[in-house]
Amino acid sequence: MSMQVTRRHLCDNMTTNLPLSADQIASHNAALIDALHDDYDSLGRQLARRGVKIDALKAKVAAFSVAVPSWGSGRGGTRFAKYPIAGEPTNIHEKLEDCAVVHQLSTVTPRVSPHFPWDKVSDYGALKDEAAALGLGFDAVNSNTFQDQPGQAHSYNTGSLASTLEATRQQAVEHNIECIEIGRKLGSNALTVWVGDGTNFPGQQDLGASLDRYLEAAAQIYAALPADWRMLLEHKMFEPAFYSTVISDWGSSILAAQELGPKAQCLVDLGHHAPNVNIEQIVARLHRFGKLGGFHFNDSKYGDDDLDSGSINPHQLFLVFNELVEAELHPRQGFNPAYMIDQSHNVTDPIESMLSSAEAIAAAYVKASLVDRETLHAAQAANDTMMAFQALRRAYNIDVAPILAMARMEAGGAIDVLAAYRDSGYRARKAQERKSVGVGAGIV
Ligand SMILES: [Mn+2]
């Protein structure tokens, strides 16, 4: 590893230990810079005719960021199998290094969201310093009460926060409080709670009482939140429970968040809804009531597929960001959404998938920022349906890649992130250094 100069999102005057050579990225960019200027200037003229300043958009994307999940750096696989690749990370230190590669090239992923107990270490102060030297900070911490750990006193086979067993509920509460304590040491300020609690048979549990148990346990976690923390409730329609799930939808989620208090908000995972549900409307609804806490970006074809962001339905991603940009312009109290990628990579190099997804997410944000809101709102007010729709379509059809590439390059990242990554030979180097990952079942 080489010592590198600091750049955007990195703390100035801090010693860094970035995984890729800045010189190598710069020489990669040198071959592409003339074409980029050409494309950027051409797009700039096109946008100027619409009254849009391209440099202002570039500044907007330069300020945009999305967190990556620590588990996203591994080949998590599906429920059925894991097909590891050589050089895959096997611990949080190696995962951080891979996340640093994603940020170095993309310059939009400065934070990592850790998952416990998967990412447990003995010294979290040292882990925070280690991340900082890699140019990274920590995002929301994620608790895990959807699988049993070796040596655990009580199984989660009856549920966790909503378990019928008091001792199991207490264990789940204590684990979440431990996650908050870890998060404080890492500089995080949010706890994301997703529980797999639910049932597989009609009659298996009392549907009302199980929600009562969840709320009572969640209130104990809520009470342990530091003043400046948020608790993000993640809903999911089904799986692992296939008949009923305790926090199954945005309705259950917002009701729970309202019951818990102002520090509790809802997290929308794009894959956690029934097929064809209007997710952008859910976003608008949650924002309306000050309960839009954050996102897990991914894509879905059938269910909670955890496919790469924008790979199946980039238009939906754009429509979600259209609501978010609208919310940005008309913020309600508490609008500070935590953006995070949540994907499972089984057939790609996870670094490449995160690079590709980060670009798709940033592109959707820029396109949504390009919507002529004056025209859109005027058309809505006049009930001019076609022109309202066209206001969205005109923005969606613009290729914003030159804006993203220019913002990246100016921040020290790569013009072509995937080509630069492949040129770096990073994965082949790691294949020599790291121990191999065993085969086996994937994570959910
Ligand atoms: Mn998720």
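Throughout what follows, the structure given in this document is the object of discussion. Because the structure is a prediction, the values reported are computed rather than measured. (Residues numbered from 1 in each chain as written. Predicted model: local features only at pLDDT ≥ 70, side-chain atom pairs only at ≥ 80, totals over all residues.)

**Focus: the overall build of the chain**
Consideration 1: What the chain contains, in helices and strands, is 16 helices and 11 strands.
Consideration 2: Expected size for 444 residues packed as a compact globule is a radius of gyration near 22 Å; at 22 Å, the chain falls within 12% of this value.
Consideration 3: For the C-alpha atoms alone, the extent of the chain along its principal axes is close to 65 × 65 × 40 Å.
Consideration 4: Looking at the chain as a whole, 46% of its 444 residues are labelled buried. (Helix = DSSP H or I, 4+ residues; strand = E, 2+ residues; numbered from the N terminus. Rg over C-alpha atoms; globule rule 2.2 N^0.38 Å. Buried ≥ 20, exposed ≤ 12 C-beta atoms within 10 Å, placed from the backbone.)

**Topic: the packing of helix 10 (residues 314-329) against helix 11 (residues 350-369)**
Consideration 1: Running from N to C, helix 10 and helix 11 point in directions that differ by 55°, and their axes come no closer than 8 Å. When the axes of helix 10 and helix 11 are compared, the pair comes out oblique. As for how helix 10 packs across helix 11, the hand of that crossing is right-handed. On the side of helix 10, the interface is formed by Pro-314, Leu-317, Phe-318, Phe-321, Asn-322, Leu-324 and Val-325, while helix 11 contributes Ala-360, Ala-364, Tyr-365, Lys-367, Ala-368 and Ser-369. (Axes fitted to C-alpha atoms, helices over the stretch in contact; angles between N-to-C directions. Parallel < 35°, antiparallel > 145°, perpendicular 65-115°, else oblique. Left-handed = near helix turned anticlockwise from the far one by under 90°. Contact = placed C-beta atoms within 7 Å.)

**Concerning the pairing of strand 7 (residues 230-234)**
Consideration 1: Across the 5 residues that make up strand 7, a large majority, 5, are buried.
Consideration 2: Where strand 5 (residues 190-193) and strand 7 come together, 4 bridges link them in parallel fashion. Opposite Ala-190, over in strand 7, you have Arg-230 as the bridge partner.
Consideration 3: Both strand 7 and strand 9 (residues 264-269) contribute to a ladder of 4 bridges, which runs parallel. The residue of strand 9 that forms the bridge with Met-231 is Ala-264. (Pairing = 2+ DSSP bridges.)

**What about helix 2 (residues 33-49)?**
Note: α-helices contain 3.6 residues per turn, so residues at a spacing of three or four share the same orientation.
Consideration 1: Its 17 residues give helix 2 an end-to-end C-alpha distance of 24 Å, which sits within 8% of 24 Å, the value for a rise of 1.5 Å per residue.
Consideration 2: When you tally the buried positions in helix 2, you get 1 out of 17 residues, a small fraction of the element.
Consideration 3: In the segment just after helix 2, Gly-51 is the residue with positive phi, at about 80°. (Expected span 1.5 Å × (residues − 1).)

**Quick word on unusual backbone geometry**
Consideration 1: For the bond from Phe-116 to Pro-117, the omega torsion is 15°, close enough to zero to count as cis.
Consideration 2: Within the fold, Pro-117 resides in the loop between strand 2 (111-113) and helix 5 (124-133).
Consideration 3: Cis peptide bonds are those with omega within 30 degrees of zero, and the linkage from Glu-239 to Pro-240 qualifies with 10°.
Consideration 4: Among the secondary structure elements, Pro-240 is positioned in the loop between strand 7 and strand 8 (244-245).
Consideration 5: Positive phi outside glycine occurs at Thr-107, with the angle close to 55°.
Consideration 6: By the element assignment, Thr-107 lies in the loop between helix 4 (92-106) and strand 2.
Consideration 7: Here Thr-107 falls in the buried class, since 28 other C-beta atoms lie within 10 Å of it.
Consideration 8: With respect to the secondary-structure elements, Glu-239 resides in the loop between strand 7 and strand 8.
Consideration 9: Of the residues examined, Glu-239 has 14 C-beta atoms within 10 Å and is grouped as partly exposed.

**Re the environment of Val-417**
Consideration 1: Its location among the elements puts Val-417 in helix 15 (residues 417-424).
Consideration 2: Judged by local crowding, Val-417 falls into the buried class, with 28 C-beta atoms found within 10 Å.
Consideration 3: Counting along the chain gives 71 residues from Val-417 to Asn-346, while the straight-line C-alpha distance between them is 20 Å.

**What to know about the packing of helix 3 (residues 54-62) against helix 14 (residues 401-410)**
Consideration 1: Where helix 3 contacts helix 14, the axes come no closer than 9 Å and their chain directions differ by 60°. The pairing of helix 3 with helix 14 is recorded here as oblique in orientation. The interaxial crossing formed by helix 3 with helix 14 has right-handed handedness. Here Ile-54, Leu-57, Lys-58, Val-61 and Ala-62 of helix 3 come into contact with helix 14, specifically with Ile-403, Leu-404, Met-406 and Ala-407.
Consideration 2: Here the contact of helix 3 with helix 14 is built from residues that sort into 8 nonpolar, no polar and 1 charged. (Nonpolar A, V, L, I, M, F, W, Y, C, P; charged D, E, K, R; others polar.)

**A short note on the environment of Phe-335**
Consideration 1: Along the chain, Phe-335 turns up in the loop between helix 10 and strand 11 (338-341).
Consideration 2: A sequence separation of 116 residues divides Phe-335 from Ala-219, and the C-alpha atoms of the two residues are 22 Å apart.
Consideration 3: In this structure, Phe-335 is in contact with His-287, Leu-292 and Ala-327, ignoring residues within four places of it in sequence.

**Some details on the pairing of strand 10 (residues 292-297)**
Consideration 1: The buried count for strand 10 comes to 6 of 6 residues, which makes it a mostly enclosed element.
Consideration 2: Summarising the sheet, strand 9 and strand 10 pair through 4 bridges and their orientation is parallel. When the bridges of strand 10 are listed, Asp-269 appears paired with His-296.
Consideration 3: Crossover strand 9 to strand 10 through helix 9 (residues 279-288) is right-handed.
Consideration 4: Relative to strand 11, strand 10 is paired through 4 bridges, and the arrangement is parallel. Each residue of the ladder has a partner; that of Phe-295, found in strand 11, is Tyr-339.
Consideration 5: Between the parallel elements strand 10 and strand 11, the chain passes through helix 10 in a crossover that is right-handed. (Right-handed = clockwise from strand over helix to strand, strands pointing away.)

**Focus: the nonpolar core**
Consideration 1: With 105 residues, the main nonpolar core has Leu-233 and Val-366 as its most contacted residues.
Consideration 2: Element by element, the count of residues in this core is highest for helix 11, at 12 residues.
Consideration 3: Not counting the four nearest positions on each side in its chain, Leu-233 is found in contact with Val-193, Ile-247, Ser-253, Ala-256, Ala-257, Ala-264, Cys-266 and Leu-267. (Core = buried A, V, L, I, M, F, W, Y, C linked by C-beta atoms within 7 Å.)

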